[in-house]
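Each chain, written out:
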Amino acid sequence: MDKNKFSTILFYISTFVFIVAFNFADNPTGGWYQQFLPNLNNRPLADITFLDSLTGYSITGDNSVGDTNYILKTTNGGDNWNIIYTVYRDLNRVIFLNQNTGYVSGGFNATKSYLIKTTDGGNNWNQISTPAALRIND
């Protein structure tokens, strides 16, 4: 094998190894990875919302009557979730207007609706009065 041919082959092999090494060494695996929730007693997530890349809220619910459901919060992009409130009614929607004010609605039909509000980022929740036709029959 002559010297030029050997140099050319060595150049192409070195280039290939260089490209492969940099593509795998500095790039982490895909943007998706599994995250875990606390024990929710097999309750499915019904809704989720994020205020920014770190702070998010989620609720459980499946349109059934009288089951325990949860409001959850993350402050690290979903790596860890904490149960911040337990409700003994069905939940279906969570919405936050800003870092402090948020609403959770629930109920499985128009006569059993439920609306709660927080003004301190989910630390405390209060039921909001609704029109008589929409109140929960306790």
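Everything below is about the structure shown above.
Please read these numbers as outputs of a predicted model, since none were measured by experiment.

(A) A look at the pattern of salt bridges. If you walk through the whole model with that rule in mind, you get 2 salt bridges. For D62, the salt bridge is made with R43, and the minimal N-O distance between the two is 2.9 Å. Here D62, found in the loop between β2 (56–60) and β3 (69–74), pairs with R43, found in the loop between α1 (3–25) and β1 (45–50); they are 19 residues apart in sequence, far enough to count as distant. Take D62: its relative accessible area is 36%, and that puts it in the partly exposed class. A relative accessible area of 14% places R43 in the buried class. Taking the shortest distance from any N to any O, the salt bridge between D47 and R93 comes out at 2.8 Å. In this pair, D47 sits in strand β1 while R93 sits in strand β5 (residues 91–96), placing the two residues 46 residues apart along the sequence.

(B) Focus on the environment of L91. On the secondary structure map, L91 appears in strand β5. Taking C-alpha positions, L91 is 4.9 Å from G61, a pair spaced 30 residues apart along the chain. Look past the residues within four positions of L91 in its chain and what remains in contact with it is A46, I59, T60, G61, N69, Y70, I71, V104, S105, G106 and Y114.

(C) Structural view of the sheet that holds β2. Strand order in the open sheet formed by 4 strands is β1-β2-β3-β4, and the pairing between neighbours is antiparallel. Two strands close off the open sheet at either side, each with one partner strand: β1 and β4 (82–87). Between one strand and the next, the sheet's axes are offset by a mean angle of 15°, whatever the strand orientation. Pairing between β3 and β4: 5 bridges, direction antiparallel. Opposite I71, over in β4, you have Y85 as the bridge partner.

Parameters at a glance
- Residues numbered from 1 in each chain as written.
- Predicted model: local features only at pLDDT ≥ 70, side-chain atom pairs only at ≥ 80, totals over all residues.
- Heavy atoms only, no water.
- Salt bridge = Lys/Arg side-chain N within 4 Å of Asp/Glu carboxyl O.
- Helix = DSSP H or I, 4+ residues; strand = E, 2+ residues; numbered from the N terminus.
- Buried < 20%, exposed > 50% of the residue type's maximum accessible area, 1.4 Å probe, protein only.
- Contact = heavy atoms within 4.5 Å.
- Pairing = 2+ DSSP bridges.
- Axes fitted to C-alpha atoms, helices over the stretch in contact; angles between N-to-C directions.

The quantities given are spatial measurements derived from coordinates; they are silent on function.
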